[in-house]
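# Notes for the structure review
Listed below are the residues making up each chain.
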Amino acid sequence: MTEIKLAQFSGKDLKRRCFTELPVGHLDSCCSVSGHTVRGTVNVTLLQHPHSSSCRSLRGSSPVIMLTVFVVVVALVSQTAARYTPDWTSLDARPLPSWYDEAKLGIFIHWGVFSVPGFGSEWFWWHWQGQQPPDQKYVNYMSQNYPPGFTYPEFARQFHAQFFNPDDWADIFKASGAKYVVLTAKHHEGFTNWESPNSWNWNSVDTGPHRDLVGDLAEAVRNRSLHYGLYNSLYEWFHPLYLIDKKNGFKTQEFVLQKLLPELYNMVVRYRPEVIWSDGDWEAPDTYWNSTEFLAWLYNDSPVKDTVVTNDRWGAGCACKHGGYYNCEDKYTPGQLPTHKWEKCTSVDTLSWGYRRNMKMNELLPLAAIIEDLVRTVAFGGNYLLNVGPTPDGMIPPLFEERLRGVGDWLEVNGQAIYSSKPWRVQSENTTVPVWYTSKGLTVYAILTAKPPMSTVKLLAPKTSSITQVFLVGNPTPLSWAPVNPGGGLVVLLPELPYTPAQAWTLGLDFVQ
């Protein structure tokens, strides 16, 4: 047997059969890979499997076969030179896959058992029975609408998703102009939207919809050339093993070793998400969650090691400090250009991430506010992850769909200023109306998020030259302009701006500094 030290998992050797690792002669039937890597060092031990006739036949193998084995082993060892070690110094140095920064816009989906009561927010169970004292609003809701003794898990049987059509959802997401989609695989309630073997009878296949929601949506999304990601909560409010670890001051890891990590590995191998949106980390340090060990495997050996991106929620104190891109906090809005790639997650429903049956129109973000938020985020170098909460029967509420399609209509015209763009040297100004700047190649884009009161707009940040050209994105006709002063700035004569409910228009400026 060939034993190669590769990766450590929770203090125990991670073992896997090397049926495809060393396919030489009969070696594939008698070898395994196990062990750990420490700072790129790999220990290799050549052993002989005592019970395999195929292995016994290797004793008389020709020099050619043995040389091939040696070459393959050396190749495996050489690959570790670029491997990431389970520490933040190494993991934080991993370059972010380029697709993510180019994408700019993603759709977030909060869907689970919490969608059934549809009251308050996705934290319903916690507010009702977790926090002390319980929130009386939730207690009253239950006493007025459900019989005495009704338990939260009983909501799962009402999570039917009978109208869930993943192709319809994917069509809406594609129409929104988004380039990636992130679905809740598991929220803090612990219910998984896939058949997790570590969440028996508390998943969407064993109860409720009786279907693999994660897998069904994955296929539809990928068929439309969108990237697919999964949200996963590290902690679970009421899991007995987690509560034991919490009582022990997180000095034990029963929940992590028996539930969390096996489930995470299974989820990644089964669905190959290109985004892992981690959450629910704040009660314990990253050492409790074994976050660095998991991320080292994810970046080195997982089936998505070259394309996956992760956020920064991997333990108390990690936010805005460690991970792939930074979320920092929900609805994070920096006041200046960050030095690290970041993402703003926000929700069409301003009061909840999950579906609410009693939401009102004035509690939803207007389209113009969404576009302005998107533009501001991209101008500051961020990605924009816009959330919708589907109903328990599997429908995206029409008002949410209307918002998403409105974003897509605006991007269909103005997308060149958003996708694959970079922050410019100046992010914004407000001389005539609010203006946000992006750039791509030799073009600078000035995005106006309000209609100018007159037929001209003054831009003070750009430095023009005799060959500067200005155009309205969506209209090929060059626009007339005049310099403000020799040091820079210009006044642009605008055409009649086309109507858009997004209330935003984009000027392209070529040959400016």
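Presented here is a report on the structure given in the accompanying data block. (Residues numbered from 1 in each chain as written. Predicted model: local features only at pLDDT ≥ 70, side-chain atom pairs only at ≥ 80, totals over all residues. Heavy atoms only, no water.)

## Quick notes on the nonpolar core
Applied cut-off: For this analysis, a nonpolar core means a set of buried residues of the types Ala, Val, Leu, Ile, Met, Phe, Trp, Tyr and Cys, connected via side-chain atoms within 4.5 Å. Exposure classes here rest on a 1.4 Å probe applied to the protein chains alone. A residue is buried below 20% of its type maximum, exposed above 50%, and partly exposed in between. Should any heavy atoms of two residues lie within 4.5 Å, those residues are considered in contact.
Among the nonpolar cores identified, the biggest contains 108 residues, and Phe173, Trp289, Phe294 and Leu298 are the most heavily contacted of them. Beyond its immediate sequence surroundings of up to four residues, Phe173 is in contact with Ile107, Ile109, Ala178, Val181, Leu217, Leu226, Ile396 and Leu404. Core analysis: the next-biggest nonpolar cluster, separate from the first, contains 21 residues, Tyr437, Ala461, Val492 and Trp505 among them.

## Things to note about the pattern of salt bridges
Here is the rule we go by: Any carboxyl oxygen of Asp or Glu that lies within 4 Å of a side-chain nitrogen of Lys or Arg is treated as forming a salt bridge with it. The helix and strand labels rest on DSSP assignments: H or I over at least four residues marks a helix, E over at least two residues marks a strand, and numbering proceeds from the N terminus.
Across all of its chains, the model carries 22 salt bridges by this definition. Between Asp349 and Arg356 there is a salt bridge, and its shortest N-O distance comes to 2.8 Å. Each member of the pair, Asp349 as well as Arg356, is classed as buried. Of the charged contacts, one joins Glu496 and Lys451 as a salt bridge, the two residues approaching to 4.0 Å between their closest N and O atoms. Placement of the pair is Glu496 in the loop between β21 (488-493) and β22 (505-510) and Lys451 in the loop between β16 (443-448) and β17 (456-459), with a sequence separation of 45 residues. Classification of Lys451 as partly exposed rests on a relative accessible area of 44%.

## Examining the pairing of strand β15 (residues 435-440)
Formally: When DSSP finds at least two bridges between two strands, those strands are taken to pair.
β15 sits mainly inside the fold: 5 of its 6 residues count as buried. Both strand β14 (residues 422-429) and β15 contribute to a ladder of 4 bridges, which runs antiparallel. Note that in β15 the partner of Glu429 across the bridge is Val435. Direction of pairing for β15 relative to β16: antiparallel, over a ladder of 6 bridges. The residue of β16 that forms the bridge with Lys440 is Thr443. Hairpin connection of β15 to β16: 2 residues between the antiparallel strands, including Gly441 at a positive phi of 60 degrees.

## Considerations on the state of the cysteines
Going by this rule: Note on terminology: pairs of cysteine sulfur atoms within 2.5 Å are recorded as disulfides.
Going through the model one piece at a time under the given rule, you end up with 1 disulfide. The disulfide that involves Cys320 links it to Cys328, with 1.8 Å between the sulfurs. On the S-S bond that ties Cys320 to Cys328, the torsion sits near 65 degrees, and the link is right-handed. Under the relative-accessibility criterion, Cys320 is labelled partly exposed at 36%.

## Focus on unusual backbone geometry
With an omega of -5 degrees, the peptide bond running from Gln132 to Pro133 counts as cis. Summarising the element assignment, Pro133 is placed in the loop between α5 (124-130) and α6 (136-145). Backbone geometry places His210, a non-glycine residue, at a positive phi of 55 degrees. Note that His210 resides in the loop between β8 (180-186) and α8 (213-222). Here Ser420, not a glycine, exhibits a phi torsion of approximately 60 degrees, which is positive. Positionally, Ser420 belongs in the loop between α14 (398-414) and β14.

## Comments concerning the sheet that holds β21
Either a parallel or an antiparallel arrangement is found when strands of a sheet pair, and the pairing is made through backbone hydrogen bonds. Where we set the bar: To obtain each axis, a line is fitted to C-alpha atoms, and for helices this fit is confined to the stretch in contact; angles are then taken between N-to-C directions over 0 to 180 degrees.
Taking strand neighbours across the sheet as the criterion, the 3 strands line up as β17-β21-β20 in an open arrangement whose pairing is antiparallel. A strand with exactly one partner marks an edge of an open sheet, and here the two such strands are β17 and β20 (481-485). Each strand of the sheet is rotated relative to its neighbour by a mean of 20 degrees, with strand direction disregarded. As paired elements, β17 and β21 share 4 bridges and run antiparallel to each other. Directly across from Leu459, in β21, lies its bridge partner Leu490.

Everything listed here is a matter of geometry and, on its own, says nothing about what the molecule does.
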